[in-house]
Amino acid sequence: LIYVGGGSLISLLGTWTAHGIDLMLRAAWQNGVVMAGLSAGSLCWFDHAITAFHGESRRVKGLGFLPHSNAVHYDEKPERRAAFLEAIADGMPPGYGSGDGAALHFVDEELARVVTSRPHARAYHVTPDGADVIERELATEFLGTPVAVEPALAA
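Just so it is clear, the model here is predicted, and its values are computed rather than measured. (Residues numbered from 1 in each chain as written. Predicted model: local features only at pLDDT ≥ 70, side-chain atom pairs only at ≥ 80, totals over all residues. Heavy atoms only, no water.)

S.K.: Can you walk me through unusual backbone geometry in this structure?
M.R.: Negative phi values dominate among residues other than glycine, just as trans dominates among peptide bonds. Positioned with a positive phi, S39 is a non-glycine residue whose angle comes to about 55°. You can see S39 is positioned in the loop between β2 (35-37) and α3 (40-43). Classification of S39 by relative accessible area gives buried; the value is 17%. Unlike most non-glycine residues, D108 shows phi in positive territory, near 60°. Among the secondary structure elements, D108 is positioned in the loop between β7 (102-107) and β8 (110-116). (Helix = DSSP H or I, 4+ residues; strand = E, 2+ residues; numbered from the N terminus. Buried < 20%, exposed > 50% of the residue type's maximum accessible area, 1.4 Å probe, protein only.)

S.K.: Can you help me understand the sheet that holds β7 in this one?
M.R.: Consider a sheet: its strands pair through backbone hydrogen bonds, and that pairing is either parallel or antiparallel. Strand order in the open sheet made by the three strands is β7-β8-β11, with mixed pairing throughout. The open sheet has two free edges, formed respectively by β7 and β11 (141-142), since each of these has just one partner strand. With six bridges joining them, β7 and β8 adopt antiparallel strand pairing. Paired with L104 across the bridge in β8 is V114. (Pairing = 2+ DSSP bridges.)

S.K.: Looking at this structure, I do not really get helix α4 (residues 78-89). What am I missing?
M.R.: Helical geometry note: an α-helix holds 3.6 residues per turn, so side chains three or four residues apart project in the same direction. Over its twelve residues, α4 runs 17 Å from end to end, which matches the ideal 16 Å to within 8%, given 1.5 Å per residue. Against β3 (46-51), β4 (58-61), β5 (66-72), β6 (95-98), β9 (123-129) and β10 (132-137) lie the buried residues of α4. Where α4 terminates, the next one or two residues include G91, which has phi positive at roughly 115°. (Expected span 1.5 Å × (residues − 1). Contact = heavy atoms within 4.5 Å.)

S.K.: I'm lost on the nonpolar core in this one. Help?
M.R.: One broad rule of soluble globular proteins: the nonpolar side chains tend to lie buried together. Ranked by internal contacts, the top residues of the largest apolar core, which has 27 residues, are L9, W16 and W45. Contributing elements (two or more residues each) for this core: α1 (9-19), α2 (21-30), α3, β3, β5 and β7. The element contributing the most residues to this core is α1, with four residues. Dropping the residues within four chain positions of it, W16 is found in contact with V4, I21, D22, L25, C44 and L63. (Core = buried A, V, L, I, M, F, W, Y, C linked by side-chain atoms within 4.5 Å.)

Worth remembering: the numbers are spatial, not functional.
See the structure below:
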């Protein structure tokens, strides 16, 4: 498992490229290692992303393991959502917007499900439609849902 935390996507990718870590990560990906992360650690795996760590939201080319685009803090930062919608309308590949607490679970290059650590966290699939953009809310599975446990049998 490789887990990447948040921070500056631009600095992260620059450092990885400068030291050949991007090539090591690609080899790990191709060998089936699970990749995970939040914020910049989510954005990095995608072909394109919207980042705003250094101020204004902007489009960044990611590692490209997933042939989609991604925007995080989607419900919490309206300016990022707007920038993502505009970028999709301007030709960025279709992709996913995820709010805080929502995780996109991919198997190979396909979205398998969206899980959440917060009951009302949401995620969206965003695609161009001519001059417009279609934003479709995705079904989520809250991981905090209690599971019924059978009482232990008396010995």
